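Residues per chain, in single letters:
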Amino acid sequence: LLRTNNRNRTASASQAPSAKNTPVSTMVLPCPHCVSTGSVGVKTKFGKFVDTIDPGFTCYICCIEDIRDVSLAVQQVQCSSDCKTKDNVTLTVSSAIQYHINRKDIQVAVFDVANPLAMMQAYVDDVLRSELPSLDLDDAYSAKETMVARIRESLQASMEPYGYSVINVLITDLRPEASVLRAMNEINASRRAREAAIEKGEADKILQVKAAEADAESKYLSGVGVARMREAITSGFKTSIQELGESGLTAADAVHMMIVTQYLDTLKDFAVNGKGSIMVPHGPGAAGDIEEQVRRGFIGANALEIKGR
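Residues numbered from 1 in each chain as written. Predicted model: local features only at pLDDT ≥ 70, side-chain atom pairs only at ≥ 80, totals over all residues. Heavy atoms only, no water.

(A) Region of the structure containing the pattern of salt bridges. Tallied over the entire structure, the rule returns seven salt bridges. Residue Arg150 is joined to Glu131 by a salt bridge in which the shortest nitrogen-to-oxygen separation is 2.2 Å. Here Arg150 is found in helix H5 (residues 144-159), whereas its partner Glu131 is found in helix H3 (residues 116-131), with 19 residues between them in sequence. Residue Arg150 is classed as partly exposed on the basis of its relative accessible area of 39%. (Salt bridge = Lys/Arg side-chain N within 4 Å of Asp/Glu carboxyl O. Helix = DSSP H or I, 4+ residues; strand = E, 2+ residues; numbered from the N terminus. Buried < 20%, exposed > 50% of the residue type's maximum accessible area, 1.4 Å probe, protein only.)

Structural data, given as C-alpha cells:
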C-alpha cells in the first residue's frame, strides 16, 4: 500500500506544471485626486519633483507618485517683536505680513524653504531692532510708516528669490510695559489738567474784566441819569418859581411853598409804598427847619465861591 501511494504521488507530481515557468501578472490601479481652486498640485515621483497640476480632477499612481496641494492665495502671518527704544523703554511690536507663493517659483518655495514663517519673523525682528533703538518712545509711534517701508523692503528682497511675494506689511500695535503705559497716561492726565486750569483761569479773568466793564458802564449811565434828573428838577423848579412869581408870590415864598410840597409828597410816598422805617423831624416847624437848612447850604456854597475868586 505504501509503495502504491508513493507511485501515485510521483505520478501526480510529474503531471503538475512547474512553478518556475508560470508567468506572474500584476495590475496597477490609478488613484484619483482633486486639486482645489486657488491651489496648485505639486506632483512628485519617488520623491522627485515632476510637474505642477492645475485645479480640478486628476489621477496618479499610488506608491510611486504623490500630489501635494499648495495654496496660492494671499496668507497672513502675525509677528511679535520685543524691542527697546532710545529712552530705554521695552516695547512689544505686533506686525502682520501678507504674502503669497509665486507659481513660477513653486518648486523653490516648497522644497528649498523648510520654515518660511520663521524666516519672515527673523527679518522683521532684525529691522525693528535696528530702527527702534535710535527713536524715543514718542517718536516710535509717529515713525510707523517708516518702519513699515523698511520691513517691506527687507522682506521683498529676502523672500522673493524663494518664491514668496510680500504684498503688504502692517504694524498693528506698539505696546510698552504696563508701568510705562500707566506713567504715560498720568503725564497726559496732568498735562490736560494743567491746560484745563489755565483755561479756567483765563475764563474767570474774562468774566471779572467783563463784570468790571459792565459795572463801570452801569455807573456811568447811572451818573448820566442822575445828572439828567437833576437838570430836569432844576428846570422844573425854575419854571415853577417863575410861574409862582407871576402869580404874585416872592421868590422866598415860592421856595418855601415848593419845599413844603416836596416834604408832604415824600411823607405820602413812605406811607403808601414804603416797606421800611425812617425818622424825620415832624411838627409845625419841620418844613421851616428844612427850608432853613437849604438856605444855609446855598449861603455856604456862595461864600466858598466868593472866597475861591
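(B) Here's a closer look at the confidence of the model for the chain. For the chain, the mean per-residue pLDDT works out to 80, and 79% of the residues sit at or above 70. Within the model, the stretch residues 1-20 combines pLDDT values under 50 with zero contacts to residues more than four positions away or in other chains. (pLDDT = per-residue confidence, 0-100. Contact = heavy atoms within 4.5 Å.)

(C) Local environment of the sheet that holds strand E3 (residues 48-53). One open sheet accounts for three strands, arranged E3-E2-E5; its pairing is antiparallel. This sheet does not close on itself; its edge strands, each paired only once, are E3 and strand E5 (65-71). The average undirected angle you get between the axes of adjacent strands in this sheet is 30 degrees. Across five bridges, the pairing between strand E2 (residues 39-45) and E3 is antiparallel. Among the inter-strand pairings, Thr44 is bridged to a residue of E3, identified as Phe49. (Pairing = 2+ DSSP bridges. Axes fitted to C-alpha atoms, helices over the stretch in contact; angles between N-to-C directions.)

(D) Geometry of the packing of H3 against H5. Orientation of H3 relative to H5, taken along the N-to-C sense of each, is 140 degrees, at an axis distance of 10 Å. By the criterion of interaxial angle, the relationship of H3 to H5 is oblique. In terms of crossing hand, the pair formed by H3 and H5 is right-handed. In contact with Pro116, Met119, Met120, Tyr123, Val124, Val127, Leu128 and Glu131 of H3, H5 contributes Met147, Arg150, Ile151, Ser154, Leu155, Ser158 and Met159. (Parallel < 35°, antiparallel > 145°, perpendicular 65-115°, else oblique. Left-handed = near helix turned anticlockwise from the far one by under 90°.)

(E) Local environment of the state of the cysteines. According to the stated counting rule, one finds one disulfide in the structure shown. Just so you know, Cys63 is unpaired, no disulfide at all, and the nearest cysteine sulfur is the one on Cys62, 6.0 Å from it. (Disulfide = S-S within 2.5 Å.)

(F) Structural context of the sheet that holds strand E7 (residues 90-101). Reading across the sheet, the three strands line up as E6-E7-E8 and stay open at both edges, with antiparallel pairing between neighbours. Each edge of the open sheet is held by one strand with a lone partner, namely strand E6 (75-84) and strand E8 (164-176). Across this sheet, the average inter-strand angle for adjacent strands is 20 degrees, counted without regard to direction. Relative to E8, E7 runs antiparallel, the two being bridged by eleven bridges. Its bridge partner being in E8, Val93 is matched across the sheet by Leu174. The strands that H3 touches are E6, E7 and E8; relative to E6, the one it contacts most, it runs at about 35 degrees.

(G) Geometry of H3. Here H3 contains 16 residues, and its C-alpha end-to-end distance of 23 Å stays within 8% of the 22 Å for a straight helix at 1.5 Å per residue. Restricting attention to buried positions, one finds in H3 the residues Pro116, Met120, Gln121, Val124, Asp125, Val127, Leu128 and Glu131. In this fold, the buried residues of H3 make contact with E6, E7, H5 and E8. (Expected span 1.5 Å × (residues − 1).)

(H) A look at a nonpolar patch on the surface. Residues Met229, Ile233, Phe237, Ile241 and Val255 make up a contiguous nonpolar surface patch of roughly 380 Å² in combined accessible area. It is helix H6 (residues 178-246) that provides the largest number of residues to the nonpolar patch, a total of four residues. (Patch = residues over 30% accessible without salt bridge, like charges linked within 9 Å, V, L, I, M, F, W, Y side chains within 5 Å. Areas by Shrake-Rupley, 256 points an atom, 1.4 Å probe, with all protein chains shown as cover.)

(I) Seen up close, the side chain of Thr58. Here Thr58 shows up in strand E4 (residues 56-61). Excluding residues within four positions of it along the chain, Thr58 makes contact with Cys31, Pro32, His33, Ile53 and Ile67.

(J) Structural context of the environment of Ile241. Within the fold, Ile241 resides in helix H6. Along the chain, Ile241 and Met258 lie 17 residues apart, while their C-alpha atoms are 8.6 Å from each other. With near-sequence residues (within four places) excluded, Ile241 lies in contact with Ala254, Val255 and Met258.

(K) Molecular detail of H6. In this model, H6 (69 residues) spans 100 Å end to end at C-alpha, consistent with the 102 Å of a helix rising 1.5 Å per residue. Count one or two residues on from H6 and you reach Gly248, which has phi positive near 110 degrees.

(L) Quick look at a negative patch on the surface. There is a patch of like negative charges on the surface, built from Asp87, Asp136, Asp138 and Asp139. If you trace the backbone, Asp138 turns up in helix H4 (residues 137-142). (Lys, Arg positive; Asp, Glu negative; His and termini not counted. Charge placed at Lys NZ, Arg CZ, Asp CG, Glu CD.)

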